[in-house]
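An overview of the molecular structure
Take a look at the letters that make up each chain.
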Amino acid sequence: MAIRFLTAGESHGPMLTAILEGIPAGLPLKLEDINIDLARRQKGFGSGGRMRIESDQAQITSGVVQGKTTGSPIALLVENRDYKNWREKDIVPVTTPRPGHADLTGAIKYGYQELRLSLERASARETTMRVAVGGICKKLLSEMGVSIGGYVKQIGSISTDLPENLSWDEIFARSEESEVRCPHPESGEKMKEEIRQTMKAQDTLGGIFTVVAINTPPGLGSYVHYDRRLDAALAQAMLSIPAMKGVEIGDGFANALKRGSEVHDKITLEEGGRLGRESNRAGGVEGGISTGEPLIVSVAMKPISTVVKGINSVNLATGKPELTTYERSDFCALPRAVPIGEAMMAIVLTQFLSEKIGGDSLDEMKLRVSQLRRSHVDDLPMDNCPWRFGYYYD
Ligand code: EPS
């Protein structure tokens, strides 16, 4: 069954909505499975005032009965608490577009006479529903043994090394303890200081976050067409998050500077015939197909485009050059971007898994996952004799 979803809702409208289709019947689901990630998306050093107003909680109006999915579309909603502050208000027109935001391009495209109409839907508020949908996908994946986590790798010029000899689960747990979702406490402190300095300078900061899926079955995705490659789908999903401008699979950019023999992950024979790897610089994908090693995706986020001190622009109402005006926004949203990246990864993996194995109920899916071919010599018998192409062609 194919997984698909749509979201609706505007940043200061009454509520956000999503419909998710393709989740099999019989998946136990608590609101807490969703709300835990909604809360994670709201937390992080460098957030603006809006996050003190909202306390996102999902409601489910279809597709889940007595704590289990039924196989029918799942309808989700999250109310915007801020709406009550806007519904009776006379809205001050926004006529000076912020460089970097959708204010100008939205007006060019849709012919708006008020730039707020662009920002209302282009706002990253919409990612609330992706996180809600991703929470359900994560729950389904967890039933198959797949878990997803992430951390902040860089904020502005401050990057982190991973603490040595820690499992991925430990890295994710340490990141959750940090206000900037950084697993390395010293680097985390430096990141916070960088954010403080930037706030003082009335400016904003970007950076890089990493998301990882552990225990992904091998064989998801394909090389047969551009749109069936798992790495390509992950890149598309990550770049669809507002403000994300670069994607790296594994050590993609560092690998580009090295020789092949230094890059490619040596295949080893482990006890019992499992095919292991000495490293995972490929980030868990070869030929557009998952290898079964941890799937690692890093994403570059540009600095938030609402800048307190203003950026040169043009007031479209007066036709005169003018600095952008400031309402309110985040100074650095990197910590909050991590759960959004995790959600997009969960959605893509659920899509690719469903496409490979189908299944209308959880039991059916679990059985099929257990029957998947693995990276194991016993699962890969070779004919090992010469052969000819034999096309029906002269
Ligand atoms: C955003 C601006 C801020 C952010 C918002 C994204 O909202 P407001 O204009 O209401 O202060 O807080 O993000 C969210 C509301 C959210 O839930 O992530 C923007 O312009 O993109």
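Up top is the structure these notes are about.
Residues numbered from 1 in each chain as written. Predicted model: local features only at pLDDT ≥ 70, side-chain atom pairs only at ≥ 80, totals over all residues. Heavy atoms only, no water.

Overview of the nonpolar core
- With 71 residues, the main nonpolar core has Ile23, Leu76, Ile136, Ile155, Met345 and Leu349 as its most contacted residues.
- Of the residues forming this core, the biggest block, 14 residues, is contributed by helix α12 (residues 334-357).
- With residues up to four places along the chain from it excluded, the contact list for Ile23 reads Ile3, Thr69, Gly71, Ile74, Ile136, Cys137, Leu140 and Thr350.
- If you look at the next biggest cluster of nonpolar residues, it comprises seven residues, including Trp168, Ile171, Ile214 and Ile296. (Core = buried A, V, L, I, M, F, W, Y, C linked by side-chain atoms within 4.5 Å. Buried < 20%, exposed > 50% of the residue type's maximum accessible area, 1.4 Å probe, protein only. Helix = DSSP H or I, 4+ residues; strand = E, 2+ residues; numbered from the N terminus. Contact = heavy atoms within 4.5 Å.)

Examining the sheet that holds strand β1 (residues 4-8)
- Strand order in the open sheet formed by four strands is β1-β2-β6-β3, with antiparallel pairing between adjacent strands. Bordering the open sheet on either side are β1 and β3 (58-62), each of which pairs with just one other strand. Averaged over neighbouring strand pairs, the angle between their axes works out to 20 degrees when direction is ignored.
- With four bridges joining them, β3 and strand β6 (residues 74-79) adopt antiparallel strand pairing. Bridged to Gln59 within β6 is Leu77.
- On top of the sheet, helix α6 (residues 127-143) reaches β1, β2 (15-21) and β6; it is set at about 140 degrees to β6, its chief contact. (Pairing = 2+ DSSP bridges. Axes fitted to C-alpha atoms, helices over the stretch in contact; angles between N-to-C directions.)

Brief notes about the side chain of Asn35
- Here Asn35 is to be found in helix α1 (residues 31-42).
- Reaching out from Asn35, the side chain makes a polar contact with the backbone nitrogen of Ala58 at a distance of 2.9 Å.
- Each residue touching Asn35, except ones within four places of it in the same chain, is listed here: Asp56, Gln57 and Ala58. (Polar contact = N/O pair within 3.5 Å; in protein donor to acceptor, adjacent residues only side chain to side chain.)

With respect to helix α4 (residues 103-110)
- Considered for burial, the residues of α4 that qualify are Asp103, Gly106 and Ala107. For α4, the angular spread of buried residues about the axis comes to 100 degrees, placing them on one side. Of the exposed residues in α4, those oriented more than 90 degrees away from the buried face are Thr105, Ile108 and Lys109.
- As for α4, its buried residues are in contact with α5 (116-122).
- Just beyond α4, the residue with positive phi is Gly111, at close to 70 degrees. (Arc of directions from axis to C-beta.)

Shape is all these values report; function is a separate question.
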